[in-house]
Amino acid sequence: MSRHELSRRTLLAAAAGTAAACSPLGGTVDSGRGTIRFITPADLGLERKLYTKFIRDFEKSHPDLKVSITFEAWDDYMTKLPTLFAGGAVPDLVHQHMSIVQDYGRRGALLDLAPLMKRDGIDRESFVPSLFDAFTDGDKVYGIPKDSAAWGVYYNKNKFDKAGLDYPRDDWTLDDFHETVRALTYDAAGRRPDSPGFDRKNVKQWGLAWLPPTPTDSENTRALIRALGGDWYDDAYKSTLIDQAPAIRLFELFREMRCTDASMPSPALDLGQGDPFRSGLTAMTVGFHSTDFFLREENADFEWDVTFLPGGPGGQFVPVGCSGWAIAADAKNPDGAWELLKHLVSEDVQRKIARQKRWGPSVRGAMGELVPKDPVSGFVKVHVDPLRDRSDREVITFRFPANQSKIKQVYAQNFDPIWTTCSTDDIRGAARKTKRQVDAILAEG
């Protein structure tokens, strides 16, 4: 019997309530449960120190377990993880971003944690409930959220003041958004995009940092397609909806901002200059609480605030996202991995994470720790209240489908000419072609 089949059967036993006093996965507890192999991306410095401390605390409270942790840079991790799974050197506990978890889950590479959560009383309502949507497939739970992010629009108040513009209202619309982005863009001679002689090749200030308006890079743009009354996929994820009117309108809007108004820089234009908003190249950016954190850390020389993403005829939404912890289906020590996972998502650990102000907690009871001592006026209503069920805006996430890497390549091939090189304006043609290709990928399962 393979370890995967053994894991599957023991999970079914756990769900049925058998061996409740035994191992978390239904087996017999061994007094020497050994080593937990744990791999995660983590930045040098504070993040690695934090997790090293959490692991030491865990080992003290679980003297029969030792944790062997491997820290990776983010890009290295995303490359290394599939190699580890393919080569058989599978870790026990792994980091899963919401954009890849369906890939691993659908391939049977991750344990279904739902039976364990039910048996051990891990209530998803103690977490930000919407975050679980990205990690579930029907009744299956492929991972438990480890952090959180609620997205909004950051704006440089000094640039608004200089332009003589009112700050964005919380209930602003996509039309307001478009006009504001254009009004905050000017070339080296101070001319606006709608002024005669505007030099789009010599822009001194852009209104908004580049934001890919597709379901490929982030969960945040789902708020915009929903605001227009559409969505990226049908409910069953059998068909993409990008050839429908809301998606076409969104794509037209972003092409106009990027290629006609030149009010958003291409990735090449801000390459090597750091974050374009924090460095003062743009007047606005779409971000979550980490934007505020880094502005404070860098002692930004301007005042800022944050408001909601704009709404439209479909409503106004707060998109949220996260990463999570998952257990490999072929884990050699799934018992220990489950114990470590529960430790890392405990309210005590989540509070300690949130106190750093850099990473949002996934546990609602820890959410207040994220708030700075002197928050800007929009911080709590945009970044905190939506994650503790206190917002009057609808909170949504995005379940990235399996084979997301293939889908991303399709969009890049068909839409880069639309708004990266601006070499064509055939949005409907690109949408039709992309739909055919993506629907074929969705059919692969």
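Structure first, text after, so check above.
All of these numbers come straight from a predicted model, not from anything done at the bench.

Relative to the elements of secondary structure, His 97 occurs in strand E3 (residues 93–97). A polar contact is formed between the side chain of His 97 and the side chain of Ser 99, at a distance of 2.8 Å. Filtering out sequence-adjacent residues up to four positions away, His 97 remains in contact with Trp 74, Cys 322 and Ser 323.

Attention now moves to the environment of Arg 432. With respect to the element layout, Arg 432 can be found in helix H16 (residues 427–443). Taking the C-alpha atoms as reference points, Arg 432 and Asn 414, 18 residues apart in sequence, are found 9.8 Å from one another.

Helix H13 (residues 347–354) packs onto helix H2 (residues 46–61) with a crossing angle of 160° between their chain directions and a minimal axis gap of 11 Å. Classified by the angle their axes make, H2 and H13 are roughly antiparallel. The element H2 and its partner H13 pack so that their crossing is right-handed. Of the residues in H13, those in contact with Tyr 51, Phe 54 and Asp 57 of H2 are Val 349, Lys 352 and Ile 353.

The buried fraction of E3 is high, at five of five residues. Here E3 shows two buried faces, one formed by Leu 93, His 95 and His 97 and the other by Val 94 and Gln 96. In this structure, strand E1 (residues 34–41) lies alongside E3, joined through two bridges in parallel fashion. Across the sheet, residue Ile 39 finds its bridge partner in E3, namely Val 94. Note: E3 against strand E14 (residues 323–327), five bridges, orientation antiparallel. The residue bridging His 95 from the neighbouring strand is Trp 325, located in E14.

Between H2 and helix H12 (residues 334–344), whose axes approach to 11 Å, the crossing angle comes to 120°. Judged by the angle between their axes, H2 and H12 are oblique. Between H2 and H12 the crossing geometry is right-handed. Mapping the contact onto sequence places Tyr 51, Phe 54, Asp 57 and Phe 58 in H2 and Gly 336, Glu 339, Leu 340, His 343 and Leu 344 in H12. When grouped by side-chain class, the residues that make up the contact of H2 with H12 number five nonpolar, two polar and two charged.

Rules used in this analysis
Residues numbered from 1 in each chain as written. Predicted model: local features only at pLDDT ≥ 70, side-chain atom pairs only at ≥ 80, totals over all residues. Heavy atoms only, no water. Helix = DSSP H or I, 4+ residues; strand = E, 2+ residues; numbered from the N terminus. Polar contact = N/O pair within 3.5 Å; in protein donor to acceptor, adjacent residues only side chain to side chain. Contact = heavy atoms within 4.5 Å. Axes fitted to C-alpha atoms, helices over the stretch in contact; angles between N-to-C directions. Parallel < 35°, antiparallel > 145°, perpendicular 65-115°, else oblique. Left-handed = near helix turned anticlockwise from the far one by under 90°. Buried < 20%, exposed > 50% of the residue type's maximum accessible area, 1.4 Å probe, protein only. Pairing = 2+ DSSP bridges. Nonpolar A, V, L, I, M, F, W, Y, C, P; charged D, E, K, R; others polar.

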